[in-house]
Amino acid sequence: MALNSSVTEFILFGLTQDAGKQKAIFGVFLMFYLATLLGNFLIIVTIKTSRTLGSPMYFFLFYLSFADACFSTTTAPRLIVDALSQKKTISYSECMTQLFASHFFGCMGVFVLILMAFDRYVAICKPLRYTTIMSHHVCRVLVILSWVASCIHASAQLLLALRLPFCGPNVIDHYFCDLQPLLKLACMDTYLINLLVVSNSGAVCMVGFIILLISYVVILYSLRNHSAEGRRKALSTCTTHFIVVVLFFGPCIFMYTRPATTFTIDKMVAVFYTIGTPLLNPLIYTLRNAEVKNAMKKLWCSQV
């Protein structure tokens, strides 16, 4: 429990209080969540069992799908269950657990996207040294470092949340626990804590996005020396990655790099990056990637 806090549980306001809309939310988001789990599970199983998807790009895609499935699981099930329940309460400890888990897996997704961009940079700009630089050992170390960095980020967010005293109002105007809506309920001046949130989450989003942007500019610049076929293949791969990057980072930057103000659109933006992006990622990577599609066909046709 937080220091000097008299609040033991919170009430999640959710997306709407309209009973008819809540039933629609239950049906729509249940389908979205099951499709997210299915899509990411298919990618995980395909990469794990396929002999043709052994390159570092698919090694990182495996972890992106895992992070996406877990990230969606931190928020979607509660949103779905709360849509039909009268009492939308969440205990203080559950709230803090949800906050930590969502930031941990969300941050993991950010770092894996950066690793995927680095992999494409090495493959296109330094093809002769690719196998040396992106060895299996290096890839494993990079993923472990991503896990550690994600844990540090999520722990920092959790420590900020634990410092907030709550002494009355306990209705969170959101469908999951996050620092921004919690700051509105805290009975203290939250200006400094909000600055720390922006410098933590905001920095992860902005720095990650800038690194990815620079890497793609460098990749595009280096493509001028490649053959037409090489350019086409590289552009196809990079376009796929860039779509995912924009879909994920756009909403994150909007949410975490601004002062402690809330807008009516905030919850819809949060829905997009917590539920929409994990659902779209498997579709984008499979529909635009012939190798993944072929590996899936082989795997599931042989099973049937």
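Residues numbered from 1 in each chain as written. Predicted model: local features only at pLDDT ≥ 70, side-chain atom pairs only at ≥ 80, totals over all residues. Heavy atoms only, no water.

**A word on the overall build of the chain**
Thought 1: Assigned secondary structure in the chain consists of 10 helices and three strands.
Thought 2: Start at the N end of the chain and walk to the C end: the helices and strands fall as β-α-α-β-α-α-α-β-α-α-α-α-α.
Thought 3: The C-alpha atoms of the chain give a radius of gyration of 21 Å, which matches the 19 Å a tight globule of 304 residues would have.
Thought 4: Dimensions along the principal axes, computed over C-alpha positions, put the chain at roughly 65 × 45 × 30 Å. (Helix = DSSP H or I, 4+ residues; strand = E, 2+ residues; numbered from the N terminus. Rg over C-alpha atoms; globule rule 2.2 N^0.38 Å.)

**What to know about helix α7 (residues 191–222)**
Thought 1: Between its first and last C-alpha atoms α7 spans 45 Å; for 32 residues at 1.5 Å apiece the expected length is 46 Å, and the two agree.
Thought 2: At Gly-202, α7 shows its maximal bend, which comes to roughly 35°. (Expected span 1.5 Å × (residues − 1). Bend = angle between axes of the 7 residues up to and from the residue.)

**Regarding the UniProt feature "transmembrane region" (unreviewed entry) in the chain**
Thought 1: In this structure's numbering, the residues bearing the UniProt feature "transmembrane region" (unreviewed entry) are residues 24–45, 57–80, 100–118, 138–160, 191–222, 234–256 and 268–287.
Thought 2: With 100% helix and 0% strand, the stretch residues 234–256 has end C-alpha atoms that lie 32 Å from each other.
Thought 3: Here residues 268–287 is 100% helix and 0% strand, with 26 Å between the C-alpha atoms at its ends. (UniProt positions renumbered as here; feature names shortened; annotations may be inferred.)

**Comments concerning the sheet that holds strand β2 (residues 89–91)**
Thought 1: One open sheet holds the three strands; their spatial order is β2-β1-β3, and the pairing between them is mixed. With one partner strand each, in any of the chains shown, β2 and β3 (171–172) form the two edges of the open sheet.
Thought 2: In this sheet, β3 lies alongside strand β1 (residues 9–12) in parallel orientation, the contact comprising two bridges. Its bridge partner lying in β3, Leu-12 is registered against Ile-172.
Thought 3: Lying over the sheet, helix α3 (residues 92–125) contacts β1, β2 and β3, oriented at roughly 85° with respect to β2. (Pairing = 2+ DSSP bridges. Contact = heavy atoms within 4.5 Å. Axes fitted to C-alpha atoms, helices over the stretch in contact; angles between N-to-C directions.)

**Here's the deal with the packing of aromatic side chains**
Any two aromatic rings considered together are summarised by their centre-to-centre distance and by the angle between their planes.
Thought 1: Counted under the stated rule, the structure contains 18 aromatic pairs.
Thought 2: Measuring from ring centre to ring centre gives 5.1 Å for Phe-10 and Phe-166, while their planes differ by 85°; the resulting arrangement is edge-to-face. Of this pair, Phe-10 sits in strand β1 while Phe-166 is found in the loop between α5 (136–162) and β3, placing the two residues 156 residues apart along the sequence.
Thought 3: On the basis of relative accessible area, Phe-10 is assigned to the buried category, the value being 0%.
Thought 4: Ring centres 6.5 Å apart and planes at 65° place the aromatic pair Tyr-92 and Phe-166 in the edge-to-face group. In this pair, Tyr-92 sits in helix α3 while Phe-166 sits in the loop between α5 and β3, placing the two residues 74 residues apart along the sequence. In this pair, the class of Tyr-92 matches that of Phe-166, namely buried.
Thought 5: Following the ring pairs from residue to residue traces out a cluster consisting of Phe-71, Phe-209, Phe-248, Phe-249, Tyr-256 and Tyr-273.
Thought 6: The ring of Phe-62 carries the charged tip of Lys-48 above its face, separated from the ring centre by 5.1 Å. (Phe/Tyr/Trp six-rings, centres within 6.5 Å; stacked < 30°, edge-to-face > 60°. Buried < 20%, exposed > 50% of the residue type's maximum accessible area, 1.4 Å probe, protein only. Lys NZ or Arg CZ within 6 Å of the ring centre and 35° of its normal.)

**Here we look at the pattern of salt bridges**
Any two side chains of opposite charge can pair if their charged atoms end up close together.
Thought 1: Overall, the coordinates contain four salt bridges when judged by the stated rule.
Thought 2: Two residues, Asp-82 and Arg-78, come together in a salt bridge whose shortest N-O distance is 4.0 Å. Separated by four residues within a single helix, Asp-82 and Arg-78 lie in helix α2 (residues 56–82), roughly one turn from each other.
Thought 3: The exposure class assigned to Asp-82 is buried, which follows from its relative accessible area of 9%.
Thought 4: By relative accessible area, Arg-78 is classed as partly exposed at 23%. (Salt bridge = Lys/Arg side-chain N within 4 Å of Asp/Glu carboxyl O.)

**Notes on the nonpolar core**
Thought 1: Membership of the largest hydrophobic core comes to 67 residues, with the highest contact counts inside it found for Phe-60, Leu-61, Leu-113, Leu-212, Phe-249 and Tyr-273.
Thought 2: If you list the elements that add at least two residues to this core, you get α1 (19–49), α2, α3, α5, α7, α8 (228–256), α9 (266–287) and α10 (290–303).
Thought 3: Residue contributions to this core peak at 13 residues, all from α3.
Thought 4: Not counting the four nearest positions on each side in its chain, Tyr-273 is found in contact with Phe-71, Phe-176, Asp-178, Phe-248, Pro-251, Cys-252, Met-255, Tyr-256 and Pro-278. (Core = buried A, V, L, I, M, F, W, Y, C linked by side-chain atoms within 4.5 Å.)

**Things to note about the pairing of β1**
Thought 1: Only one face of β1 is buried: it carries Phe-10 and Leu-12, and the other face, with Glu-9 and Ile-11, is open.
Thought 2: Strand direction decides the pairing type here: β1 and β2, joined by three bridges, are antiparallel. Considered in β2, the bridge of Ile-11 is made with Thr-89.

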